[in-house]
Amino acid sequence: MEDKNKYYTFYVIKRIWKNYASGSMKLLLIALFCNAIVALTTPALPELIRRVIDDIFVNSNREMLTILPLIAILIMFIRALGTYGANVAINYIGQKIVGFLQKDLYKAILNSDMSYINSIHSARFISSFTADTTKLRETMSSVVVNLSRNILMVLGLVGYLFYVDPTLATIFFLVLPPAAIGLRMLGKRLRKAIRMSLEEIGTLSALVSETLKGMRIIRAFGKERIHSEKASSIIDQVVSLSMKGVKARSASAPIMEIVTGFAIAGIIYYAGNKSLDGLMSVGSFMAFTTAAGLLYDPLKAVANLQAMLQEGVAASQRLFPILDNKPKIINPDKPLEIKKFKGSLKFSKVNFSYNNDRQDKILREISLDIEPGQTAALVGPSGAGKSTLLNLVPRFYDVSSGSVLLDDYDLRDLSLSNVRSASSLVSQDALIFDISIKENIIFGCDGISDEIFLKVCKDSLVDDFVKDLPDKYQTLVGESGVRLSGGQKQRIAIARAMIKDAPILLLDEATSSLDSESEKKVQEALDKLMKDKTALIVAHRLSTIKNVDVIYVIDNGAIVEQGTHKELVNKNGLYAFLFKTQFLGDKVE
């Protein structure tokens, strides 16, 4: 994660403008133009009041009785059009910014290394998609409004105040510098409170996500009270931090009100003396106080700009590091593109650790050869490194040293898309998307004919259960395939691999979580899937791999035995121990 201090206020505005808002120049110009209209017509209001009082009520000018009401209608009509145009344009810009941010964020997540994805809770990413992007949109909208409408309004009204009475205007503005100092101090406190609040919201999102996924376990173990207390603690923390932000943000308005109170007191005293001496008309005094009153809201908004910016900076400190994360597993500068793979795999002196720590190796000096069409199994205790070894084939991770060769080409010399086109993965927890069964099976493989699709579904035994469903292959399966059994989900995953028809098949404990009946059907589908393919299988149930070509026994990250099932049983080593233990009915972890 990058240094959060680099995401300071000016950097955030500049980056959002350059990357996400610069394409909306026409909309921005419309917003600026409309805001300028609203701002520049604002000083006309106190001038209108001055004319009404002096010309109509004091001088009894009947001509103005007709002209001034028409001018008032015209001014308000122009302001209404300007306000509508500005609000629509600014909100459209804000929505486009959020859309572009979310697209970039999604791409960044898709392109991130697996190690980075696994280091951050999924709810943290979801929080960035919603809360952080929305906060940045609000910040940019506030900046546009303040830099156009409010600042122009302040300048226009200030100019008008000096036009009415320079001395009176000077008295009014003498008290502003102390307010600016106070607001700057509040801004720093607000940034910290908002950032911490957003982080706690992310933590809460993670807890809610885990609770929904683990509801059965929570209830089965009677842990509702513990999770409720944990949620309450996090929510209380969010409320506490949010209130710190609210207090810091809310303090800006009272500061301006106190300052304005002193200014008004000075105005009344000075203007009262001038009026008593006959040097200021009632209309001029009313115009001045009206302009000063109209100045309050835009001045307060400009003062709050610092607070709004700090909220945006706090959001950016969570959002931009994700966007700025640079994946380490990337395409080479000049990648080789292999049109058709034979399917041979070779691991040559492979060492691997998740953080490149030489003292904490997951894999140690792994060397093995798998010929095209050969089936190899990886066996060993949990944590031995079997799944890690499997994950090196599609380059989910890169080796720390050594090499993995696909048809004698180093994986790092091929493009990622080329490498991943060579293999299909079927894992223990088959991921099923919340779409139809057909969409789950085809999964982006366009141009598949109905004939091939139906053949794959029959070979994978998917058709056995789909034919009884009311909507057949258009049946929606729910979140994570909740409407399907474990065996049904595995068969869909196998069908998905059959559709892809890659030369290498990676099976990561594909049957370990199934009951005997489901396992038999899934194993039957797997046998059809593995025909004429290179297969690398991670297995805990050793009965499923007795007929593979070669078995590699891995313990503590190293290959300790290799051979056929019969050879390894006769060796009476680790494999024989694991096999006999399972044969006796004990579960091997």
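Residues numbered from 1 in each chain as written. Predicted model: local features only at pLDDT ≥ 70, side-chain atom pairs only at ≥ 80, totals over all residues. Heavy atoms only, no water.

### Remarks on the overall build of the chain
Note the following rule: Think of it this way: any DSSP run of H or I at least four residues long counts as a helix, any run of E at least two long counts as a strand, and we number them from the N terminus. Note on classification: 1.4 Å probe, protein chains only; a residue is buried when its accessible area is under 20% of the maximum for its type, exposed when over 50%, partly exposed between these limits. Accessibility throughout is a Shrake-Rupley quantity obtained with a 1.4 Å probe, and a residue counts as covered only by protein chains that appear here.
Within the chain, the secondary structure is distributed over 21 helices and 10 strands. Burial statistics for the chain: of 589 residues in total, 46% are counted as buried. For the chain, the exposed area adds up to about 30900 Å²; of that, 58% sits on carbon and sulfur atoms.

### A word on the packing of aromatic side chains
What counts, and what does not: Working definition: a ring pair exists when centres of Phe, Tyr or Trp rings (six-membered ring for Trp) sit within 6.5 Å. Plane angles under 30 degrees give stacked, over 60 give edge-to-face, the rest tilted. Placement of a positive charge over a ring is assigned whenever Lys NZ or Arg CZ falls within 6 Å of the ring centre and within 35 degrees of the normal to the ring plane.
Scanning the entire structure with this criterion turns up 5 aromatic pairs. With a centroid separation of 5.1 Å and an interplanar angle of 75°, the aromatic rings of Phe-453 and Tyr-473 are classed as edge-to-face. Residue Phe-453 is found in helix α16 (residues 450-459), and its partner Tyr-473 is found in the loop between α17 (463-466) and α18 (486-500); the two are separated by 20 residues along the sequence. You'll find Phe-453 and Tyr-473 in the same group, each marked buried. Over the ring of Phe-453 we find Lys-438, and its NZ or CZ is 5.4 Å from the ring centre.

### Comments concerning a nonpolar patch on the surface
Note the threshold: Exposure above 30% relative accessible area and the lack of any salt bridge qualify a residue for a patch; like charges then connect within 9 Å, and the nonpolar side chains Val, Leu, Ile, Met, Phe, Trp and Tyr within 5 Å. The rule for a salt bridge is simple: a side-chain nitrogen of Lys or Arg has to be within 4 Å of a carboxyl oxygen of Asp or Glu.
Together, Trp-17, Met-25, Leu-29 and Leu-32 give the surface a local cluster of nonpolar side chains, amounting to about 340 Å² of exposed area. With 3 residues, helix α2 (residues 25-41) is the largest single contributor of residues to the nonpolar patch. By the secondary structure assignment, Trp-17 is in helix α1 (residues 9-21). For Trp-17, a relative accessible area of 32% gives the class partly exposed.

### Structural notes on the sheet that holds strand β5 (residues 409-410)
Stated precisely, the cut-off is as follows: Strands are labelled as partners when DSSP assigns at least two bridges between them.
Spatial strand order, β2-β1-β4-β5: 4 strands in an open sheet with antiparallel pairing. Every other strand in the sheet has two partners, leaving β2 (363-370) and β5 as the edge strands with one partner each. In this sheet, strand β4 (residues 401-406) lies alongside strand β1 (residues 345-352) in antiparallel orientation, the contact comprising 5 bridges. Counted as the bridge partner of Asn-351 is Ser-401 from β4.

### With respect to the nonpolar core
Defined as follows: Here, nonpolar core means buried Ala, Val, Leu, Ile, Met, Phe, Trp, Tyr and Cys residues that are tied together by side-chain atoms lying within 4.5 Å of each other.
Core analysis: the largest hydrophobic core is formed by 43 residues, its most contacted members being Ile-437, Ile-441, Val-462, Ile-537, Ile-545, Ile-551 and Tyr-575. Ranked by the residues each element gives to this core, the list is headed by α18, at 7 residues. Counting residues in hydrophobic clusters, the runner-up holds 32 residues, among them Ile-370, Val-419, Ala-422 and Leu-536.

### Points about the sheet that holds strand β6 (residues 423-427)
To keep things clear, this is the line we draw: To define axes, lines are fitted to C-alpha atoms, for helices over the stretch in contact only, and angles between the resulting N-to-C directions are given on a 0 to 180 degree scale. Should any heavy atoms of two residues lie within 4.5 Å, those residues are counted as being in contact.
Strand order in the open sheet formed by 6 strands is β6-β7-β8-β3-β9-β10, and the pairing between neighbours is mixed. Either end of the sheet is taken by a strand with one partner, and the two such strands are β6 and β10 (558-563). Pairwise comparison of adjacent strand axes, ignoring direction, gives a mean angle of 20° for this sheet. By the bridge criterion, 5 bridges tie β6 to strand β7 (residues 504-508) in an arrangement that is parallel. When the bridges of β7 are listed, Ser-427 appears paired with Asp-508. Strands in contact with α18 are β6 and β7; relative to β6, the strand with the most contacts, it is inclined by about 180°.

### As for the confidence of the model for the chain
The test is simple: A residue's pLDDT is the confidence the predictor assigns to it, expressed on a 0 to 100 scale.
Overall, the predicted model of the chain reaches an average pLDDT of 80, with 84% of residues at or above 70. The least confident element of the chain, judged by mean pLDDT, is helix α9 (residues 215-220) at 60; the most confident is β5 at 92. Every residue in residues 585-589 scores below 50 in pLDDT, and together they form 7 contacts with partners more than four places removed in sequence or on other chains.

### Focus: the side chain of Asn-150
Position of Asn-150 relative to the elements: it lies in helix α6 (residues 122-164). Of the residues examined, Asn-150 reaches a relative accessible area of 9% and is grouped as buried.

### What about the side chain of Thr-42?
Stated precisely, the cut-off is as follows: Polar contact criterion, stated in full: a pair of N or O atoms within 3.5 Å, where within protein one must be able to donate a hydrogen and the other to accept it, and residues adjacent in sequence count only if both atoms are side-chain atoms.
Looking at where Thr-42 falls in the secondary structure, it is placed in the loop between α2 and α3 (44-58). Separated by 2.7 Å, the side chains of Thr-42 and Arg-79 make a polar contact. Apart from the residues lying within four places of it in its own chain, the contact partners of Thr-42 are Arg-79, Met-153, Leu-157 and Leu-294.

### Describing α16
A turn of α-helix holds 3.6 residues, and therefore any two residues three or four places apart point the same way. Let me state the cut-off plainly: Directions pointing from the helix axis toward each C-beta atom define the arc.
Along α16, the positions that sit buried rather than exposed are Phe-453, Val-456 and Cys-457. What you see down the axis of α16 is that its buried residues fit within an arc of 100°, all on one side. Looking at α16, the residues exposed on the side facing more than 90 degrees away from the buried face are Glu-451, Lys-455 and Lys-458. Tucked inside the fold, the buried residues of α16 contact α15 (437-442), α17 and α18. Leu-461 occupies a position one or two residues after α16 and carries a positive phi of about 65°.

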